[in-house]
Structure formats: C-alpha cells, structure tokens
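Report on the structure
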Amino acid sequence: MSKRPEQANKDVAESISARAVIIGLVLIPINAWWLAQIEYVRYSDNATTSALFFNCVALLLVLIGANGLLLRVAPRFVFSRGEILTIYIMLVVASALGGHDQLQILFTTITWVFRNATPENGWADELIPHIPTHLVMSEPAALEKLYMGDTSIYTTGVVRPWLAPLGWWTVFAGVFVWTLYCLMSIFRKQWDRERLNYPIAEAPLEVSAPNTVLFRSSLFWVAFGLAATIQFIRLAHNIWPYMPTLNIGVHNYVFKGMPLSAAGAIPISSYPFSYGMAYLLPLQLAFSVWFFFFFARLEMILAAMMGFTQWRGFPYIQQQGVGAYLGIALFVVWAARDHLKRVWQGAIGGAGRADDEDEPLPSGVAVWGFLAGVVVLIGFSITAGMSALGAIAFFAIFLTTVLTITRIRAELGLPTIELYQVGADDVLQNITGGAAWAKKDLAVMSLYFWLVRTHRQLPMPVHGDMMRIGEQSGIKLRGLSGVILAASLVAIIAAFWAHLHVVYQTGYESAKFTGPAGWAFGNDPWRKLDSWIASPREPQYGATGAYLYGVGFTLFLAVMRTQFVWWPFHPVGYLASGSFGLFRMWLPIFLTWLIKSLLLRYGGLSAYRTARPFFFGLIFGEFSAAFVRTVIDLVFNLACRCSGPSLQPL
C-alpha cells in the first residue's frame, strides 16, 4: 500500500538545523527594523496586510538563488529544503507580530493618550483615571523626545521609563502567542483528517520543492516579468512624475445621488498578486465572494429606498458578517467533536486518547497550555482593571473569531480577511449597551485595540500554515514548535526595539513620519473610549438580531453546501461581504474566477495545471519587485508611496 504524502514526510522528517535557526534569529531584528521603516514611518508599502508577506516571499527566493550558487561553488554548505523553509517560517512568524496589524498598533496606542490629553478634549479627567498606568507610557520627558525625534534610545534616561510597560506587554504577547499555538495544535490533526489544503502554504512549498516545474516554465517567467515590470513602472513614476504609470492601486468609485450612493464606495484595483492568489481559491468560494459583495451592496440600496440610511445601521452588513464568523465556529467545533473528545482524553490520560506522537505539542501540553494561557490572559485583564465577566466575555468572543479566521485560511486561503472594528468590544456593547460596562472595562478594551482593529495578522492562522509547511517539507513538528515559539518571543522584543529605535530617530510629529499610525492606531482607540464614556451606547437590538441572523444564515449555507452538490454559494463568501480588505479585490477575484472556470470547462484539469505557473509568477514577480522597490526607497531615501486609494464619482 502506498503512503500518503504526509506519512512519507513523517518517515523522513529531519531535525531542526542550528545554522538555520541562528540565521533566522539574526534576520528577525533586521526584519523588524525594515517593517518599522516601510510600513510604519514611511508607509511606502504594506508587506503584511495580505495573507502572503512579500518580504518573506522575496527572502525565500533569495535563499533559493543563493543555494543554487552554493551548489556550484561550495556544495558542502548547501542548505536543505528544510533549512530554507525554517528560515522562511521564522520570518513569517516575526512579520505577523511586528507588522501592520499587531504590535505596530499596540506601540502607538500606549504612547498616545498621555501625550495628547489636552484641556480641550478633557482626556486627563475623563479617560486617564480609568487607564492602567503600568501598561502605557506616561513619563513626559520620554514622550517629548519620542514625538520630537532626533534622539537616541541608547541612553539610560530614555530607555528606563519603557521597561515596565513594554515588559508587561511582552509577557502578554508571549502568552497570547502560546495560547493560540496550543489551540492550533489541538485542531491541526482534525483538519488534516478533513484534508484541508492550506492554500497560502502552497506558494512557498511549490517554489522550494526539489525539481519544481516553476523555474522551468516559460509561463512563470512571463508572468514574473510582467508583474515586476508593473511595479518598476510605478516606482519610476514616483521618482519622475512625468513618466507614465499604471494605476492598478485601489480607486473607490461612488454613485451620485440616492439611493445608489447608499451602496458606498465600489473599489477597483488590479494588483497582479491578487490574480495569482485568487487562482488558488476554490471556484465556489471565488464566485461567492464577488456575488455576496454585490448582494450586500444591493441590500444597502434597498434599505436606503426604505429610509434606512444610517451608517452601520440596517441592514447591518458587518454585523451579519460577525454572526457568520460565530456560525462557522459552531460548525467547526461540531465537526471536530469526536476529535476534541480524544484530545481531552489524552490530556487527562484516559483511554482512547488521541495519537499525538507526531503532533506539534502533546495533547496534554496543548490542552492544559491553552487553558492556562486563557487564565493568564483573563488574569492580566483583571489586574489591569477589567471585571472578570468582561474579561471572560471579551476573550470568549475574540478566541471564537480567531478560530474561524484560522479555519477559513486553512481550508480556503483567501488573499486577505478583515473584520474591521466590529470585534469583541463592539459585540459586547451592541448586545448589552455601553452602560453595562464599567469605565475600567472600556479602558482595557481600548488597550486591546490591537487585537480587534482588523483581525488580520493574528498568530494562529500563521501557525497553521507554518505547521503545514513543516509537515509537507519533512521538518519535525515538535522541533518546529520550539522554533516558532522562540522566533515569536524574539520577534516581540525586536518589534518593540525597532519602534523605539526608529521613532525616537524620526519623531511622531516630524515631517519625516508620513504613516497614518497617529490617527489610525493612536488617536482612534482613545477617541472611541471618550465617546463610549461620554455617550454610552444603548443596546442595539437591530445589530443583535443581525448577529443571530448571520449565525443562522451561515449554518443554512453550510448545510445546503454539504447536502447538494449543485449548491453554488459558500458560507465564507457571505462572511466576506463585510470585509473591507477582501472586497477591494473583488475585480481580480471575479476575473480570475471567470478564467479558471473557462479553463476547467474547456480544458479540464490539464489546462488548469498548465496555467498554474503563470499565476504563481504573478505572485512572485510582484512581491520580488515590491521588496526591491522598498530597498531602493531606503537606500536613496525616496519616501514614496507607490499605491494609494482615491475616491472617484460614477
């Protein structure tokens, strides 16, 4: 009997290479500095807002190219595939934590409130008494230098005030990563049994595979060259504005006049990588994404015709999406009920326990580690001033959402997913009303803004893909667990260092700081807290009904999909209808869905496989050129942004 690929990989699994780990650890601080410069200060590109991080993909190609050179000149130093992917895994884990939607937000949030409390906004009296001061930066001299810039952090007087708040947040972030890693370890084997494909892991696995067909495919190189050329044309235009360019970035078009204007902005973009990633989507999902995007717009128009024009009011598109997340989580847990029973039996040493020999963590470590992590997160919140009920409710909703996001990525590989500012804090206030929560509850929720702003680069979905890469490439998962957790801890420390280093040099209030972090990450959570305290929200029964409707309709779609082969709608497409990040890509997803449908209909699986290198070429070409462009930006201090949304009338 032939073995499944997964089993074959386990038979030849290799130990973690010390030199690969050392190289990865050395690169993490460099990567943290690069992210702080490119995404945070200059805002010249966003490497970590899509599911594939272009800095990591570019590094992977560099490592593969360097390995080819070593094979010719120094064969004994050649890296194995496992070593190359170990370095890649470490950089992906580090980029997720130090990137646009995680610690960049946290760092800004904790530096903002004391500096920007003024007599006009009244924050000193209304907000600061309720904020746990050990978790924010409040020392005036250190803040003054942070905002003015032209300062070095390598002096005792500057660094000392940061030790306590960043120390506490390092502990929290470390426990947070550990908790999600344990949760992923609990579900991984079940999702293997369900044969989830982990599409986001396909690109690094494909390009690093021995004897990969990509580098021998002319279609790959044509697409690679096309995508890279588009990037360099846009770079040339930014340097020399008289040069022509290609406007492939996001352009938001709006209808004039009611009721069509109620549909909101219709985004149009055409990034090459989005076509490449859309090609990996199942046809049913790709169809559902663009269908439900337009269906949601139609709902908004019909609601406006009935007189419902309030933003985030009826038909509550985003709240329906939140309900869809909860509905999918119920479906995921129900499908895994037998597996979860075996894992629990393994954790307590009972009969019939799960076979976890080849899992990232033993079942006992995963289960008790997860429970202990949740207890610490809740205890941290209570110590900060949150009520026990508030902390339990917040993390119950948040972790449920994270589980759904991880499952969606593992099964379907959406190019991005975004649940924008409608997470656990918003759900709790909509259901109970703002007055049900103490001001300290609301203040701690504001400090957790980095967890719930977009839900985009959370660690658990990344952990799932990295485990898949390790399994498929022959890396021992137990050893990989140590690497991922060590890389995460180093990444947290490196991210805080990089932000201190770069911002003290630049200064938040200097002209050299061009990113939107101030208003988006710093002001926004405290402005919201101010409004929550000044005008407590009444219970939103319409939004609560939308949550319940979203749960029910998602379960209906899931059941119909499992019962009828002809059913065209995927529940994740419905969920995605409220995702700002995803519906910016509706046009590439629609066009790629159309192309892929025609290929499969008239050419079959052979035509699909023949075209596959072309779409991989679009991903690797754009991502490689994007990384080169950022290096040019840093070397020559161009400080240019090569993409940006605009608003156009229809």
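Structure's up top.
Every chain is numbered on its own, with residues counted from 1 as its sequence reads. In keeping with the predicted nature of the model, local features appear solely for residues at pLDDT of at least 70, side-chain atom pairs appear and are counted solely at 80 or more, and the whole-chain, interface and lining totals rest on all residues. Note that the side-chain values use all heavy atoms of the structure and ignore hydrogens as well as water.

1. Structural notes on a nonpolar patch on the surface
Heads up, the condition is: Only residues whose relative accessible area exceeds 30% and that form no salt bridge are eligible for patches; like-charged ones are grouped when within 9 Å, while nonpolar side chains (Val, Leu, Ile, Met, Phe, Trp, Tyr) are grouped when within 5 Å. Here the open area of atoms and residues is found with the Shrake-Rupley method and a 1.4 Å probe, where only the protein chains shown may cover a residue. Every case where a carboxyl oxygen of Asp or Glu lies within 4 Å of a side-chain nitrogen of Lys or Arg is listed as a salt bridge. Secondary structure elements are defined from DSSP: runs of H or I of at least 4 residues count as helices, runs of E of at least 2 residues count as strands, and each element is numbered from the N terminus.
Side chains of I239, W240, Y242 and M243 sit close together on the surface and give an oily, nonpolar patch of about 430 Å² of accessible area. When you line up the elements, Y242 lands in the loop between α10 (218-239) and β1 (251-254).

2. Some points on the nonpolar core
Heads up, the condition is: Remark: nonpolar core denotes a set of buried residues (Ala, Val, Leu, Ile, Met, Phe, Trp, Tyr, Cys) joined through side-chain atoms within 4.5 Å. When accessible area is computed with a 1.4 Å probe and restricted to protein chains, residues below 20% of their type maximum are described as buried, those above 50% as exposed, and intermediate ones as partly exposed. The criterion used for residue contact is that any of the two residues' heavy atoms lie within 4.5 Å.
In terms of nonpolar packing, the biggest core is built from 195 residues, with W169, F394, F398, Y448 and W450 touching the most fellow members. Per-element tally for this core: the top contributor is helix α8 (residues 156-193), with 17 residues. Those residues in contact with W169 that lie beyond four places of it in its chain are L106, I110, L135, F380, L447, Y448, W450 and F496. Within the second largest apolar cluster, eight residues are counted, among which are Y275, Y279, F615 and L618.

3. As for helix α18 (residues 439-447)
In terms of burial, α18 is a largely internal element, seven of the nine residues being buried. Of all the positions in α18, only D441, L442, A443, V444, M445, S446 and L447 are classed as buried.

4. Some details on the side chain of N55
The condition is simple: Polar contact is defined as a pair of N or O atoms within 3.5 Å, subject to the rule that within protein one atom must be able to donate a hydrogen and the other to accept it, and that residues adjacent in sequence are counted only when both atoms are side-chain atoms.
Tracing the chain through its elements places N55 in helix α3 (residues 54-73). Judged by relative accessible area, which is 4%, N55 ranks as buried. There is a polar contact of 2.8 Å between the side chain of N55 and the side chain of N31. Those residues in contact with N55, other than ones at most four positions away along the chain, are N31, W34, L35, A47, S95 and F627.

5. Thoughts on the packing of aromatic side chains
As a reminder of what qualifies: Any pair of Phe, Tyr and Trp rings, taking the six-membered ring for Trp, is counted once the centres come within 6.5 Å. Such a pair is stacked with planes under 30 degrees apart, edge-to-face with planes over 60 apart, and tilted for the rest. When the NZ atom of lysine or the CZ atom of arginine is within 6 Å of a ring's centre and also within 35 degrees of its normal, the charge is said to sit over that ring.
Under the criterion given, the structure shown has 66 aromatic pairs. The interplanar angle of 80° and the centroid separation of 5.2 Å between the aromatic rings of F394 and F395 together place this pair among those described as edge-to-face. The same class applies to F394 and to F395, which are both buried. Ring geometry for F564 against W566: centres 5.3 Å apart, planes inclined by 40°, an arrangement best described as tilted. The exposed category is assigned to W566, whose relative accessible area is 58%. The ring of F79 has R19 lying over it, and the distance from NZ or CZ to the ring centre is 4.0 Å. Seen from the ring of W334, R337 lies directly overhead, with NZ or CZ sitting 4.0 Å from the centre.

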